[in-house]
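Breakdown of the fold
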Amino acid sequence: RKEVEQDPGPFNVPEGATVAFNCTYSNSASQSFFWYRQDCRKEPKLLMSVYSSGNEDGRFTAQLNRASQYISLLIRDSKLSDSATYLCVVNSGYALNFGKGTSLLVTP
Amino acid sequence: DAGVIQSPRHEVTEMGQEVTLRCKPISGHNSLFWYRQTMMRGLELLIYFNNNVPIDDSGMPEDRFSAKMPNASFSTLKIQPSEPRDSAVYFCASSSRGGQGMDTQYFGPGTRLTVL
């Protein structure tokens, strides 16, 4: 079983919609959590860190549930430019474990 | 401000040939990572260097793969001999702090390798 599991999607949503992604992780000792964004044929880039208390960055909200070992990302008022693959990332020690990503397509 | 630099960006080679991928981390970063990304397996860590020393190479698929970091500003990943199943995108990433409480990893643009 992979350490980080995500629904691969694709999620097809209209502009302005709210969309949520979840991911689960298997290592209860994991310490740090992130969402990365990867555009087609590009490198992954950090979108936001995920804190235990939950955190918000503009239209993006990330939450962590340690008891259930899952992480969520909520995107409000989605834009065409939000179309990308969203990678859930869990850090245990020095290693970053990446989920395979959830594909989002925002349509006009 | 230059990010992580990788070369070549694309490489097409024939089975059995040697392939060398190059990476220049962000200046001042002391941790360097090599990843491989495929559709089937996603992003996988191959090897991690801290202060130029290989800390964990458990992700290196087999003896055909080797990586070096002769100094703080340069690393190579070599595949010899290459096989079609090595076809993937290889990313190099660097961060300013390794170990517990790792800092953000910054990825290079990747090398898209095709082995025929």
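Our subject is the structure that appears above.
Please read these numbers as outputs of a predicted model, since none were measured by experiment.

This part is about the sheet that holds strand S7 (residues 65-71) of chain B. All names here are of chain B. Within the open sheet, the 4 strands sit side by side as S1-S3-S8-S7. Their pairing is antiparallel. Both edges of this open sheet fall to strand S1 (5-7) and S7, since each of them pairs with a single strand only. Strand-to-strand twist in this sheet, taken as the mean axis angle between neighbours without regard to direction, amounts to 15 degrees.

To continue, consider unusual backbone geometry. Between A:Gly9 and A:Pro10 the backbone carries a cis peptide bond, its omega angle lying at 10 degrees. Structurally, the position occupied by A:Pro10 is in the loop between strand S1 (4-6) and strand S2 (11-14). Notably, A:Gln69 is not glycine yet its phi reads approximately 55 degrees, a positive angle. Turning to its location among the elements, A:Gln69 is positioned in the loop between strand S7 (60-65) and strand S8 (70-75). Under the relative-accessibility criterion, A:Gln69 is labelled buried at 18%. Of note, B:Asn52 is a non-glycine position whose phi angle comes to about 75 degrees, a positive value. Among the structural elements, B:Asn52 can be located in the loop between strand S5 (42-50) and strand S6 (53-56).

With that settled, consider the interface of chain B and chain A. At the junction of the two partners, chain B supplies 22 residues and chain A supplies 17 residues. Contact between chain B and chain A buries roughly 1,600 Å² in total, counting both sides, with carbon and sulfur atoms accounting for 54%. Inspection of the chain B/chain A interface yields 0 salt bridges. At the boundary of chain B and chain A, one finds 3 residue pairs in polar contact (both at pLDDT 80 or more). Every element with two or more residues in the side of chain B that touches chain A is listed here: strand S4 (31-38), S5 and S6 of chain B. Ranked by residues supplied to the side of chain B that touches chain A, first place goes to S5(B) with 4 residues. Residue classes in the side of chain B that touches chain A are distributed as 12 nonpolar, 7 polar and 3 charged.

Parameters and conventions
- Residues numbered from 1 in each chain as written.
- Chains lettered and ligands numbered in written order.
- Predicted model: local features only at pLDDT ≥ 70, side-chain atom pairs only at ≥ 80, totals over all residues.
- Heavy atoms only, no water.
- Pairing = 2+ DSSP bridges.
- Helix = DSSP H or I, 4+ residues; strand = E, 2+ residues; numbered from the N terminus.
- Axes fitted to C-alpha atoms, helices over the stretch in contact; angles between N-to-C directions.
- Buried < 20%, exposed > 50% of the residue type's maximum accessible area, 1.4 Å probe, protein only.
- Contact = heavy atoms within 4.5 Å.
- Buried area = accessible area lost by both parts, 1.4 Å probe.
- Salt bridge = Lys/Arg side-chain N within 4 Å of Asp/Glu carboxyl O.
- Polar contact = N/O pair within 3.5 Å; in protein donor to acceptor, adjacent residues only side chain to side chain.
- Nonpolar A, V, L, I, M, F, W, Y, C, P; charged D, E, K, R; others polar.

Just distances and angles here, no functional claims.
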